[in-house]
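One-letter residues, chain by chain:
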Amino acid sequence: MYWIQTACTNICERMGRSQELSEFKRGTVIGCHLCNKSIRDISLLLNIPQLTISGIITKWKQLGTTATRPQSGRPHKITEWGQRMLKHTVCRSRQLSAESIAKDLQTSCGLQISTTAVCRELHGMGFHGRTAASKPYITKCNAKHQMQWCKA
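Cut-offs applied
- Residues numbered from 1 in each chain as written.
- Predicted model: local features only at pLDDT ≥ 70, side-chain atom pairs only at ≥ 80, totals over all residues.
- Heavy atoms only, no water.
- Helix = DSSP H or I, 4+ residues; strand = E, 2+ residues; numbered from the N terminus.
- Buried < 20%, exposed > 50% of the residue type's maximum accessible area, 1.4 Å probe, protein only.
- Contact = heavy atoms within 4.5 Å.
- Areas by Shrake-Rupley, 256 points an atom, 1.4 Å probe, with all protein chains shown as cover.
- Expected span 1.5 Å × (residues − 1).
- Salt bridge = Lys/Arg side-chain N within 4 Å of Asp/Glu carboxyl O.
- Core = buried A, V, L, I, M, F, W, Y, C linked by side-chain atoms within 4.5 Å.
- Axes fitted to C-alpha atoms, helices over the stretch in contact; angles between N-to-C directions.
- Parallel < 35°, antiparallel > 145°, perpendicular 65-115°, else oblique.
- Nonpolar A, V, L, I, M, F, W, Y, C, P; charged D, E, K, R; others polar.

Caption draft 1: Looking closely at the overall build of the protein chain. If you tally the helices and strands in the protein chain, you get eight helices and zero strands. Split into buried and exposed, the 152 residues of the protein chain put 24% on the buried side. Considering only intrachain contacts with a sequence separation of at least 6, the fraction spanning at least 24 residues in the protein chain is 50%. Of the roughly 11,800 Å² of accessible surface on the protein chain, 54% is carried by carbon and sulfur atoms.

Okay, structure coming up:
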């Protein structure tokens, strides 16, 4: 039993407010519970709040697992097909702005999508807006002057 205490005190640090416990820590909580340790003892041993420990044990008793389940959230506006169309549009002409891409998708596919949603999806795909570096146009006269300067 001593080896569990030393291993847990070395591995487990104080968790943050919105941080999720690792699978190992949740398994350690269940292991301690199966060794007939109280919630208070487990809390002191692992330095985890008692409410968190009781929640893990309750979840394990009800569901038989401590794995986190998928959480709800708003579904993406663009489907996989829409993402492929968006990528195709961007690869075809990289000079388009997000606003013109949104209008293009609206007319061609009938997708009602905002420019911010287009930007978010493009960032997720790895496309980022960059401004091209301005390079001066070199005329024949300028090239001639540059050559004269180099030779001098």
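Caption draft 2: Layout of helix α2 (residues 23-34). Its twelve residues give α2 an end-to-end C-alpha distance of 16 Å, which sits within 8% of 16 Å, the value for a rise of 1.5 Å per residue. When we look at burial in α2, the residues that qualify are Lys25, Arg26, Thr28, Val29, Ile30 and Cys32. Within two residues after α2, Asn36 carries a phi angle of roughly 60°, on the positive side.

Caption draft 3: Just the pattern of salt bridges, in detail. Tallying each qualifying case throughout the model produces three salt bridges. Across the pair Arg26 and Glu23 runs a salt bridge, and its minimum N-O distance is 3.4 Å. Taken as a pair, Arg26 and Glu23 lie in helix α2 at a separation of three residues, close to a single helical turn. The class of Glu23 is partly exposed, set by a relative accessible area of 45%. Of the charged contacts, one joins Lys103 and Glu99 as a salt bridge, the two residues approaching to 3.6 Å between their closest N and O atoms. On the criterion of helical spacing, the pair formed by Lys103 and Glu99 is a turn pair, its members being four residues apart in helix α6 (residues 98-109).

Caption draft 4: Inspection of the nonpolar core at higher detail. Listed in full, the twelve residues of the largest apolar core are Ile78, Leu86, Val90, Ala98, Ile101, Ala102, Leu105, Ile113, Ala117, Val118, Leu122 and Phe127. Here this core gets four residues from one element, more than from any other, and that element is α6. Sequence-distant contacts of Val118, defined by excluding residues within four places in its chain, comprise Leu86, Ala98, Ile101, Ala102 and Ile113. Judged by nonpolar contacts, the second largest core, of eleven residues, contains Val29, Ile30, Leu46 and Ile48.

Caption draft 5: Examining unusual backbone geometry more closely. The backbone phi angle of Asn36 is positive, close to 60°, even though this residue is not glycine. You can see Asn36 is positioned in the loop between α2 and α3 (39-46). A relative accessible area of 72% means that Asn36 is categorised as exposed. Despite not being glycine, Asn47 has its phi angle at roughly 60°, a positive value. Following the sequence through the fold, Asn47 ends up in the loop between α3 and α4 (50-63).

Caption draft 6: Region of the structure containing the packing of α2 against α4. At their nearest, the axes of α2 and α4 sit 10 Å apart, and the two run at 80° to each other. Classified by the interaxial angle, the pair formed by α2 and α4 is roughly perpendicular. For the pair α2 and α4, contact is made by Arg26, Val29, Ile30, His33 and Leu34 and by Ile53, Ile56, Ile57, Trp60 and Lys61, respectively. Grouping the constituent residues of the contact of α2 with α4 by class yields seven nonpolar, one polar and two charged.

Without other data, these values stay purely geometric and don't point to any function.
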